[in-house]
Amino acid sequence: MKRAIKLCVMSGVLLAGPVLAEGPAEGCYVRDYSAAHLAGQPAQVVDWMQLWVYSDENRNKLANMLVGFTNQGHVGNTKHAGQVLDQFLLCFDYDGRKGRTVECDGGNFFVTRDTGDAITIETSYLTVGYTDSCGGAVDLAEKPGQPVKYKLYRADARQCEGARTVYDFAESDEVVGDRPSSDGESK
């Protein structure tokens, strides 16, 4: 029941339009976790992440996320281990909390800290990767319903080329550089 109420509230936020659609600052945010970090966090499913926050031609704030998954935690030894999956997100600002949400109840995240140089996002349910049904393929939460935080660092736009080109919205804004590789190295 709580989830249904939360979904209704979130739907109301999204229907309110651009006035509430502020969310985190536009730009590129990345993180590439070291082998040592991942060894110390065996439940972590994210190897590397790119988050591109942008405005469309109607000044709606949106985001694209590209995630390279580990072979540990709940994705370990599944078909998603080592895969790179993407997700489109809508931005919102709800009761002063900036965040992003996936359509069709694919979850959301909130920005819990923004220093200008980095943001920390928190989610207890956010799916990445498309399926034939609602939501997404892989939940970024390490354990169902339990919050997890990811710290992402602001980077040059070229580092988010993969996330920028997922939906071909950057056609007029040419980006030069390598695409992210499947070995978890953010380029």
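Now for a look at the structure at hand.

About the cut-offs
- Residues numbered from 1 in each chain as written.
- Predicted model: local features only at pLDDT ≥ 70, side-chain atom pairs only at ≥ 80, totals over all residues.
- Heavy atoms only, no water.
- Core = buried A, V, L, I, M, F, W, Y, C linked by side-chain atoms within 4.5 Å.
- Buried < 20%, exposed > 50% of the residue type's maximum accessible area, 1.4 Å probe, protein only.
- Helix = DSSP H or I, 4+ residues; strand = E, 2+ residues; numbered from the N terminus.
- Pairing = 2+ DSSP bridges.
- Disulfide = S-S within 2.5 Å.
- Salt bridge = Lys/Arg side-chain N within 4 Å of Asp/Glu carboxyl O.
- Phe/Tyr/Trp six-rings, centres within 6.5 Å; stacked < 30°, edge-to-face > 60°.

Residues Met 49, Leu 51, Met 65, Phe 69, Ile 121, Leu 140 and Tyr 150 are the most contacted members of the largest nonpolar core, which totals 29 residues. If you list the elements that add at least two residues to this core, you get β2 (46–55), β3 (61–69), β4 (84–94), β6 (107–114), β7 (118–128) and β9 (148–155). If you look at the next biggest cluster of nonpolar residues, it comprises 11 residues, including Trp 48, Tyr 54, Leu 62 and Ala 163.

Okay, unusual backbone geometry next. In this model, Arg 59 sits at a positive phi of 65 degrees, which is unusual for a non-glycine residue. Looking at Arg 59, the relative accessible area reads 72%, which means it is exposed. The residue Asn 77 is not glycine, and still its phi comes out positive at about 60 degrees. With respect to the secondary-structure elements, Asn 77 resides in the loop between β3 and β4. By relative accessible area, Asn 77 is classed as exposed at 74%.

Attention now moves to the pairing of strand β5 (residues 97–101). Bridge count for β4 against β5 is five bridges, and the pairing is antiparallel. The partner of Asp 93 across the bridge, within β5, is Lys 98. Hairpin connection between β4 and β5: a loop of two residues separates the two successive antiparallel strands, and Asp 95 in this loop has a positive phi of roughly 50 degrees. Hairpin connection from β5 to β6: five residues lie between these consecutive antiparallel strands, with Cys 104 at a positive phi of about 65 degrees.

This part covers the state of the cysteines. Scanning the model with the defined rule gives one disulfide in all. Disulfide pairing places Cys 28 opposite Cys 160 at an S-S distance of 2.1 Å. Looking down the S-S bond of the Cys 28 and Cys 160 bridge, the torsion is 85 degrees, so its handedness is right-handed. With Cys 28 in strand β1 (residues 27–32) and Cys 160 in the loop between β9 and α3 (161–165), this pair connects stretches of sequence that are 132 residues apart. Accessibility assignment for this pair places Cys 28 and Cys 160 in one class, buried.

The subject of this paragraph is the pattern of salt bridges. Across all of its chains, the model carries two salt bridges by this definition. The salt bridge partner of Lys 149 is Glu 122, with a shortest N-O separation of 3.8 Å. With a gap of 27 residues between them, Lys 149 in strand β9 and Glu 122 in strand β7 connect regions that are remote in the sequence. When its relative accessible area of 52% is taken as the criterion, Lys 149 is described as exposed. Residue Glu 122 is classed as partly exposed on the basis of its relative accessible area, which comes to 22%.

Turning next to the packing of aromatic side chains. All told, the structure shown has one aromatic pair when counted by the stated rule. Seen from their ring centres, Tyr 33 and Tyr 150 are 6.4 Å apart, and the 65 degrees between their planes marks the pair as edge-to-face. Placement of the pair is Tyr 33 in the loop between β1 and α2 (35–40) and Tyr 150 in strand β9, with a sequence separation of 117 residues. The burial state of Tyr 33 is the same as that of Tyr 150; both residues are buried.

Before going further, it helps to spend a moment on the pairing of β2. Of all 10 residues that make up β2, nine are buried, and the element is covered over most of its length. Here β1 pairs with β2 via six bridges, running antiparallel. When the sheet's bridge partners are listed, Asp 32 is paired in β2 with Trp 48. Pairing geometry for β2 and β3, over nine bridges, is antiparallel. Each bridged residue has a counterpart across the sheet, and for Tyr 54 the counterpart in β3 is Leu 62. Between the end of β2 and the start of β3, which pair antiparallel, lie five residues, with Arg 59 showing a positive phi angle near 65 degrees.

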